[in-house]
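Structural description and commentary
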Amino acid sequence: MKDNVVFVQGNEAFVEAALYAGLDFFAGYPITPSTEIAELLALRLPKKEGVFIQMEDEISSMCAIIGASLTGKKVMTATSGPGFSLKQEAIGFAVMTETPSVIINVQRGGPSTGLPTSGSQGDVMQARWGTHGEHAIITMTASNNQDAFAITVDAFNLSETFRTPVILLFDEIVAHTRERLIIPEPGEIKVIERLKTSVKEGTDYHPNLPREDGRLPMSDFGGVHRYNVTGLAHDMWGFPTTDSTTVYNLMHHLVDKIQGHSKEITRTKEYYIDDAECLLISYGSSARTALHVVEDRRLRGEKIGLLELQTLWPFPAEVVKKKSVNARCVIVVEMNMGQIVHEVKKAVDDPEKVFLANQINGSFIQPTDVLNIIRIIQGKGA
Amino acid sequence: MAVKDYIREKFFPHIWCPGCGHGTIMTSLIRAIEKLEKEKNDIVIVSGIGCSSRICGYLDFHTLHTIHGRALAFATGVKLSRPELTVIAPMGDGDAFAIGGNHLIHAARRNIDITAIIMNNNIYGMTGGQYSPSTGYGDFATTAPYSNIDHPFDFVKLAVGAGASFVARTTTYHVTSMIKIIEKAIAHHGFSVVEIMSQCPTYYGRKNKFASAVDMLKYYNDHTTPIGSKDKEKNPELIERGIFVDKEMPEYCDEYDKIIKMASQGE
């Protein structure tokens, strides 16, 4: 067997992927169930002359990676539930200053301290709207190690391409499930590097003047160009402003650069969708349960399929609309009281055909949890 | 070079009130950097939120204006990524010791080579005059209309206790020594804390019976004394100024380099 085939838990797969994508700098704080990510990077990053630092809290971890990213490093932090809440203000700073950064949130049961060692998908809306103020954000997820690897590399690529924080919304079950991972050879998955300015030293560099295509080439902070970075609304110099036209343009730029590229950012997987009368929509570890149900019912001749979402934000409404058009019923499988289900209802032609199959007791959602809903919809009773 | 060669004139006039001490600190910081013969491209300024933080925009260095209380956390990320840069973090009293107190004590514990400059005006000025962790017991503020019952921190003692390897205090009255202290703090290889008492005539002064900025500056002269002076023996109420700690300790970025060497030897 080749030595790039490993048997690891999800947290290890995320680490392998981050290193594959070129991670240079990690700052974190211990929290269950994401701690293994920090432990592994403490071991691995110094070997490649990268920086690992355990900060004094969750907030400073997020701040430190933003500082490092501005100087030209590829950066990441990792946390879970309560830590994700604490990082929100600084995530907003990364949004406003357009600083590439990757944030892993291994979701656990909440609210508050909740269920630290149990799986949950309760942070979907927090990933979208957790930081204050109007903004757009990218959030990705995956259901198994191999996909999590590809999606993590993707997260770094999207973060650099769109100059935005990208949230990797994994969950405890994916993070702690041990399974096979084939680590791709270098070059097998494309790794995107940061777009740097071509403005020469000694020439005025406008850090916040978008090119015609909307992109903002960066100059490493602390390098040849001196410029200001601020979380205040700012002009093309990066200097604070309240000028209404400038603020209008800034806000539209921040939102449009992501919402306007939804197609490029959308990642989904399809299983038996073409003739599906019953369409399951799921993501993260719940999609494993959903896939089990689909494969099991297919053996019995039922026309059932699965659309697995790997991009949660911006929500892939177009794909959901297109793929659900022939389905008589759509069942969203998720481990919360219904978060993505509302987005699905907004996206489909008839919201009345959308149902929720969920679990919120700390246990992994079971096939029977989904089957009971299917039976009720079919009029057979649970 | 002239002071104006270090500032971004196009962003003036600044937002500070008439009589504010922060401009004096900015000029002194520039003078100290000039004396150290640092290139403008060598200097990074990282600030938080508040009146103090606006120093960022005006200085022609690499400037990072962050979020309230977290300047040192951002500065840690910058310094660890580019240890060759000189990183200076000007902060207000609330910024550094209320919302940001945790980051300050931990930066001190690590002894990372960052110069923290506490522009202490004893008040939250940007929000209009609320009591801060350095507002005196019995002082008045918009949120202490009857009298402040909080006891103030002694920032110097706190920094010393947290293990900072350079700790100093000065005031905006004592400009010549302020420049020297900032110069030494920046040159110091490790975490430096410089508390600079800076007058806020608009909010602290008006609420606490100071008729003008000049009165406040005179107060700094009359109520402070060099460390170990005889005046202090006679009047223990006097606030000491000068350099309290200046010691060599292993610096964090240097220590991290050792970790990299150990990790690569383990291959």
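In case you missed it, the structure is sitting above this.
Here's what I pulled together on the structure shown here. (Residues numbered from 1 in each chain as written. Chains lettered and ligands numbered in written order. Predicted model: local features only at pLDDT ≥ 70, side-chain atom pairs only at ≥ 80, totals over all residues.)

1. Focus on the sheet that holds strand β10 (residues 239-246) of chain B
- Strand order in the open sheet formed by 9 strands is β9(A)-β2(B)-β1(B)-β3(B)-β4(B)-β8(B)-β7(B)-β10(B)-β9(B), with mixed pairing between adjacent strands. The outermost strands of the open sheet, each flanked by one partner alone, are β9 (228-230) of chain A together with β9 (224-226) of chain B. Averaged over all neighbouring strand pairs, the angle between strand axes comes to 20 degrees, with direction disregarded.
- Where β9(B) and β10(B) come together, 3 bridges link them in parallel fashion. Following the sheet pairing, B:Thr225 is matched in β10(B) by B:Glu240.
- Against the sheet, helix α3 (residues 71-81) of chain B engages β1 (43-47), β2 (62-65), β3 (86-92) and β4 (114-120) of chain B, with an angle of about 175 degrees to β3(B). (Pairing = 2+ DSSP bridges. Helix = DSSP H or I, 4+ residues; strand = E, 2+ residues; numbered from the N terminus. Axes fitted to C-alpha atoms, helices over the stretch in contact; angles between N-to-C directions. Contact = placed C-beta atoms within 7 Å.)

2. Points about the interface of chain B and chain A
- With 34 residues of chain B at the interface, the matching set in chain A holds 34 residues.
- Elements with a contribution of two residues or more to the side of chain B that touches chain A: α2 (55-58), β2, α3, α5 (101-110) and α11 (252-265) of chain B.
- Considering every element that reaches the side of chain B that touches chain A, the biggest residue donor is α3(B), with 8 residues.
- Per-class residue counts for the side of chain B that touches chain A are 16 nonpolar, 13 polar and 5 charged.
- Direction of pairing for β9(A) relative to β2(B): parallel, over a ladder of 3 bridges. Counted as the bridge partner of A:Val229 is B:Leu64 from β2(B). (Nonpolar A, V, L, I, M, F, W, Y, C, P; charged D, E, K, R; others polar.)

3. Section: the packing of helix α10 (residues 286-299) of chain A against helix α13 (residues 367-377) of chain A
Residue and element names in this part refer to chain A.
- Axis separation between α10 and α13 bottoms out at 9 Å; the angle between their running directions is 60 degrees. Comparing the axis directions of α10 and α13 gives the class oblique. Pair α10 / α13 crosses with right-handed handedness. In this structure, α10 contributes Thr289, Ala290, His292, Val293 and Asp296 to the contact, and α13 contributes Pro367, Val370 and Leu371.
- Residue classes in the contact of α10 with α13 are distributed as 5 nonpolar, 2 polar and 1 charged. (Parallel < 35°, antiparallel > 145°, perpendicular 65-115°, else oblique. Left-handed = near helix turned anticlockwise from the far one by under 90°.)

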